Amino acid sequence: MLNPFKFFKTFFSLLASAGWVLLILLIVFFALASTLYLSEMPGINHSPNGWWETLYLSAITALTVGYGDVAPNSPIGRLAAVGLGFLGIMLTGIVVAAAIKALEKASENQNG
């Protein structure tokens, strides 16, 4: 049986080794969210109204969920949303790669 403590220890150590990349992605996330906030006019159609709603839109876009309840309307806002989508794909790839590698290491330790 797989030891979950070894898995999570390995998983978090792998994420920590990618710390600089994750920090850069976080900085880019807030830069794109700020660009989105500054480019949108509140009160137009489904534009975000305020900073918190812009962060919500940015997080939903980066997680590639995209509910559609709030959407950018300006060309710059839409471009920032596309950037957030690509950022989310990169972040998902890093987390999945770390999880797979941790699972491989945990199963090697179990079998070996």
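Up top is the structure.
Overview of the structure. (Residues numbered from 1 in each chain as written. Predicted model: local features only at pLDDT ≥ 70, side-chain atom pairs only at ≥ 80, totals over all residues. Heavy atoms only, no water.)

Applying the stated criterion to the full structure yields six aromatic pairs. Ring centres 5.3 Å apart and planes at 85° place the aromatic pair Phe29 and Phe30 in the edge-to-face group. On the accessibility criterion, Phe29 (13% relative accessible area) is buried. Members of the aromatic cluster, joined through ring pairs, are Phe7, Phe8, Phe11 and Phe12. (Phe/Tyr/Trp six-rings, centres within 6.5 Å; stacked < 30°, edge-to-face > 60°. Buried < 20%, exposed > 50% of the residue type's maximum accessible area, 1.4 Å probe, protein only.)

Looking now at the pattern of salt bridges. For the structure on display, the rule yields one salt bridge. The partner of Lys101 in a salt bridge is Glu104, and the shortest N-O contact between them spans 3.9 Å. Remark: Glu104 and Lys101 occur in helix H4 (residues 75-111); sequence separation between them is three residues, near one turn of the helix. (Salt bridge = Lys/Arg side-chain N within 4 Å of Asp/Glu carboxyl O. Helix = DSSP H or I, 4+ residues; strand = E, 2+ residues; numbered from the N terminus.)

On to the nonpolar core. Judged by nonpolar contacts, Leu25, Phe29, Leu32, Ala33, Leu36, Leu55, Leu57, Ala62, Val70, Ala80, Leu84 and Leu87 together constitute the single largest core of twelve residues. At the level of secondary structure, the elements contributing two or more residues to this core comprise helix H2 (19-39), helix H3 (51-62) and H4. It is H2 that provides the largest number of residues to this core, a total of five residues. Other than its neighbours up to four places away in sequence, Leu36 contacts Thr54, Leu57, Ser58, Pro72, Gly77, Ala80 and Leu84. Among the nonpolar cores identified, the runner-up in size contains six residues, and Phe7, Phe11, Leu15 and Ala106 belong to it. (Core = buried A, V, L, I, M, F, W, Y, C linked by side-chain atoms within 4.5 Å. Contact = heavy atoms within 4.5 Å.)

Now for the side chain of Ser74. Tracing the backbone shows Ser74 in the loop between H3 and H4. Look at Ser74 and you get buried, because its relative accessible area is 17%. Within the structure, the side chain of Ser74 is placed 2.8 Å from the side chain of Glu40, a separation counted as a polar contact. (Polar contact = N/O pair within 3.5 Å; in protein donor to acceptor, adjacent residues only side chain to side chain.)

Once that is clear, we can look at a nonpolar patch on the surface. Judged by side-chain polarity, Trp20, Leu23, Leu26, Ile27 and Phe30 come together as a nonpolar surface patch covering roughly 560 Å² of accessible area. By secondary structure assignment, the location of Trp20 is in helix H2. Taking the relative accessible area as the measure of exposure, Trp20 reaches 68% and is therefore exposed. (Patch = residues over 30% accessible without salt bridge, like charges linked within 9 Å, V, L, I, M, F, W, Y side chains within 5 Å. Areas by Shrake-Rupley, 256 points an atom, 1.4 Å probe, with all protein chains shown as cover.)

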